[in-house]
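Next come the chains, spelled out residue by residue.
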Amino acid sequence: MSTTTTIVTGRPDTRHPVVGRRRRAFSIGRIAGLIALILAAVFALGPLLWAVTTSLRTPAQAFENPPQWIPWNPDFGNYAAVFEQVPIGQFFLNSMIVTVLIVVGQTITCTLSGYAFAMVSFPGKNMIFGAFLATMMVPLQTIIIPVFLIIKSFGLTDSLASLIIPALGSAFGTFLMRQYFMQMPRELGEAARIDGATQFGVFWHVYARMAAPAISTLAILNFSGFWAEFYRPLIFLQSQSNFTLPLGLVGLQGNLGTGSISVVLAGVVLSMIPSVLLFIFAQRYFIAGVTAGSSR
Amino acid sequence: MSSPAISKPHRAVRRLGARRTARREAAFGYAMIALAMLFVTVFTFAPILASLGLSFFDWDVISPPTWAGLANYERFFSDGPVLQSFGVTICMAIAIVVLQLTLGLFLAVLVNQRASRFGRTFFRTAFYLPLLASTAAVAIFMGYLFDTKFGAINYYLGLLGISGVPWLSSPLGAQATIVLIVVWQQVGFTFVLFVSALMAVPTDVLEASSIDGAGPLRTLFRIKIPLISPTILFAAVIAFINAMQLFDQPFIMTKGGPGTATTTATISMYQTGFQNLQFGYSSAIAIILLLLILAVTGIQFLAARKVVFYQ
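Each chain has its residues counted from 1, running along the sequence as written. As they are written, the chains are lettered A onward and the ligands numbered 1 onward, keeping that order. Owing to the predicted nature of the model, reporting of local features is limited to residues with pLDDT of at least 70; listing and counting of side-chain atom pairs is limited to 80 or more, with chain, interface and lining totals taken over all residues.

K.L.:
Got a minute to help me understand the overall build of chain A in this structure?
P.N.:
Numbered from the N terminus, helices here are DSSP runs of H or I no shorter than four residues, and strands are runs of E no shorter than two. Within chain A one finds 16 helices and zero strands. Across the 296 residues in chain A, those meeting the buried criterion constitute 43%. Here the contact rule is simple: place C-beta atoms from the backbone, and any two residues whose C-beta atoms are within 7 Å are in contact. Sequence-distant contacts, at least 24 apart, represent 76% of the contacts inside chain A between residues at least 6 apart. Residues with at least 20 other C-beta atoms within 10 Å of their own are called buried, those with 12 or fewer are called exposed, and the rest are partly exposed. The C-beta atoms themselves are positioned from the backbone.

Following this line, the structure appears as structure tokens:
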């Protein structure tokens, strides 16, 4: 997984060493290509930048066009206002509790099961794993009514637990961890077994440690995925004190109508901070997460 | 003749020992998958079967369910609004997949051919950043940007002489806006996939084609694209499965409107199930959506068999 990144960044550009002449011939093409890329980057970043800079304008200015792309006089009043208008601190805390517990839970369940499907032989293994794989195509919406009924029968409606518990196991996570364990040399475990290690000891002391990159990838995929989740909270949660950030922000936008978009945008910007921070520090695991599924 | 007499019990013991080891290993395997198995069984396997079962009943949650046979499925095929929501979803999904793949491939090829190491990291970050926002956040700020009267997008279009585009206030405009927003957010995913696939194209193949006199465009269409076709297929399947489940953006931005222009299949399901409390009928729609996704994914794989080049 990390090798992908090294390939991406580490190869010197010696692709066409012969053709100095051709290079010049295509220099117009090169410039056009670069312009296209920069234009695409402007379109990709523009709306995000607009959200940030508009959250720093006063509610009255926020409607003015052209938008102010550089916040010359940043006004942080919206950030104070959003805390007054909705319990955004509570939303933030709820999102954090739900996301962190799912990340931790799935890391445990998927690492254990992924290892078993890759390294341990037991009757029915391929059949069970096949059933896991088959569920990866099933949309969440297809199973939401029964899951909702199960949650209800446990007495967990309108609670954070209703979001956490159903997400603790994952077919995709199991698949991802299995793929990673499959690449590891079996000899290491066999050697440790001869030295007297237990089966769990082999897993824990030898392989689990080597799986750190895959665990990080899974954790980061899950963090950014569940942090952003909207559909299940919409259906499972009723009271505002249980809302997660995406649900709370949509509620904030609805309550205020088009009254003060800069306050709503302050909330939007706050909601993006954890994922952006994570991306800054662990970009390669995000990239690994994208390519992880394609190596089937 | 004495050796078999000695080795016979020995072999038996060994076999017994091997069997015991195998049994112990199996027990360990089951213990390791137990937790994942428990959660996936209760919250995925069982709900799939339950959805299928529920689709044969009429149930409003209050009174006990009554057997309906295939009535819910028959109703689906004569239910104009719901059929329309499926049509809308399929059209938007096709538009999303085509745009997302074309744009993603175009950008990936440009970065792959021209950018320096710094450029690569910069563009990858730029195109990936939208994926870090939640769909709800995107729906909110894009709703402001695409506002017909006050939105910055119509302001800039106005400078170009195009004024008052009814982005979210007309049926076609709302569908187009949602397609654009999904592509805007998701294109980074396809881009990252394609860049790493293009990087993995062996250099010697490219050198060979260059020596044979193939220009950049020919190399792209004859060598690079065929070589990364498995990744293109994968990206198409993932993008399509996601697009068929489109819910958050239309639900937040237009509530399925104007009229029913952006009422997607999953919004229909939400309305029949959680608003009209027709859990049986909603489950039938859910099963049909699942079958549709499976069928189209299957067709994608079959069609790709002729085109996709596996090394």
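K.L.:
Sorry if this is basic, but what is going on with the overall build of chain B here?
P.N.:
Per the secondary structure count, chain B includes 13 helices and two strands. Once the C-alpha set of chain B is aligned to its principal axes, its extents read approximately 105 × 75 × 35 Å. Taken across its 311 residues, chain B has 41% of its residues classed as buried. In chain B, of all internal contacts separated by at least 6 residues, the share reaching a separation of at least 24 is 71%.

K.L.:
Where do I start with the domain arrangement of chain B in this structure?
P.N.:
How big an interface is tends to be reported as the loss of accessible area on association of its parts. Note that the domain bounds were set by an automatic or database domain assignment. Its domain assignment divides chain B into domain 1 (2–40) and domain 2 (80–307). Distance from the C-alpha centre of domain 1 of chain B to the C-alpha centre of domain 2 of chain B: 50 Å.

K.L.:
Please explain the interface of chain A and chain B as it appears in this structure.
P.N.:
Contacts between the two partners involve 78 residues from chain A, matched on the other side by 82 residues from chain B. For the side of chain A that touches chain B, the element with the highest residue contribution is helix H3 (residues 27–54) of chain A, accounting for 13 residues. Basically, the charged four are Asp, Glu, Lys and Arg, the nonpolar ten are Ala, Val, Leu, Ile, Met, Phe, Trp, Tyr, Cys and Pro, and anything else, Gly included, counts as polar. Considered class by class, the residues forming the side of chain A that touches chain B number 55 nonpolar, 20 polar and three charged.

K.L.:
Just checking my understanding: could you explain unusual backbone geometry for this structure?
P.N.:
Across the chain, the bulk of peptide bonds are trans and the bulk of non-glycine residues have phi less than zero. In this structure, A:Pro66 follows A:Asn65 across a cis peptide bond, with omega equal to 0°. For A:Pro66, the position within the fold is in the loop between H3 and helix H4 (77–85). Of the consecutive residues B:Gly257 and B:Pro258, the connecting peptide bond is found in the cis state with omega at 0°. Even without a glycine there, the phi angle at B:Lys255 is positive, about 50°. On the basis of neighbour count, B:Lys255 is assigned to the exposed category, with 11 C-beta atoms found within 10 Å.

K.L.:
Explain the packing of helix H12 (residues 212–227) of chain A against helix H16 (residues 283–292) of chain A here, please?
P.N.:
The packing of two helices is summarised by the inter-axis angle and the distance between the axes. Residue and element names in this part refer to chain A. The interhelical angle for the contact between H12 and H16, taken along N-to-C directions, is 90°, at an axis separation of 9 Å. When the axis of H12 is compared with that of H16, the two are roughly perpendicular. In contact with Ser216, Thr217, Ile220 and Leu221 of H12, H16 contributes Tyr285, Phe286, Ala288, Gly289 and Ala292. For the contact of H12 with H16, a count of residues per class yields six nonpolar, three polar and no charged. A fitted line through C-alpha atoms represents every axis, and for helices the fit uses only the stretch in contact; the resulting angles, taken between N-to-C directions, go from 0 to 180 degrees. When describing relative orientation, an angle under 35 degrees is termed roughly parallel and one over 145 degrees roughly antiparallel, while 65 to 115 degrees is termed roughly perpendicular and anything else oblique.

K.L.:
Quick question: what am I supposed to make of H3(A) here?
P.N.:
Structural remark: α-helix, 3.6 residues per turn; residues separated by three or four positions point the same way. A helix's residues, less one, multiplied by 1.5 Å, set its expected span. The first and last C-alpha atoms of H3(A) sit 39 Å apart over 28 residues, in line with the 40 Å expected at 1.5 Å per residue. For H3(A), the set of buried residues is A:Leu37, A:Ala40, A:Ala44, A:Pro47, A:Leu48, A:Trp50, A:Ala51, A:Thr53 and A:Thr54. Packing partners of the buried residues in H3(A) comprise helix H15 (261–281) of chain A together with helix H3 (80–114), helix H4 (117–128), helix H5 (135–145) and helix H6 (152–159) of chain B.

K.L.:
Would you explain the nonpolar core in this entry?
P.N.:
Note that soluble globular proteins tend to have their nonpolar side chains buried in a common cluster. One nonpolar core equals one set of buried Ala, Val, Leu, Ile, Met, Phe, Trp, Tyr and Cys residues connected by C-beta atoms within 7 Å. Judged by nonpolar contacts, the single largest core of 165 residues is most densely connected at A:Tyr115, A:Val268, B:Ile140, B:Phe141 and B:Ala243. No other element matches helix H7 (residues 171–199) of chain B, which puts 16 residues into this core. Here this core spans two domains, and each of domain 1 (2–40) and domain 2 (80–307) of chain B adds at least three residues to it. Once residues within four sequence positions are removed from consideration, B:Ala243 is found in contact with B:Met92, B:Ala93, B:Ile96, B:Val97 and B:Val182.

K.L.:
Sorry if this is basic, but what is going on with helix H11 (residues 199–210) of chain A here?
P.N.:
Residue and element names in this part refer to chain A. Look at H11: 16 Å from first C-alpha to last across twelve residues, which is about the 16 Å you get at 1.5 Å a residue. Of the positions making up H11, those classed as buried are Val202, Phe203 and Tyr207. The arc that holds every buried residue of H11, seen down its axis, measures 95°, which confines them to one face. Facing away from the buried surface of H11 by more than 90 degrees, the exposed residues are His205 and Arg209. Of the surrounding secondary structure, the elements contacted by the buried residues of H11 are helix H5 (88–119), helix H9 (171–182) and helix H10 (187–194). The arc in question is the one traced by the directions running from the helix axis out to the C-beta atoms.

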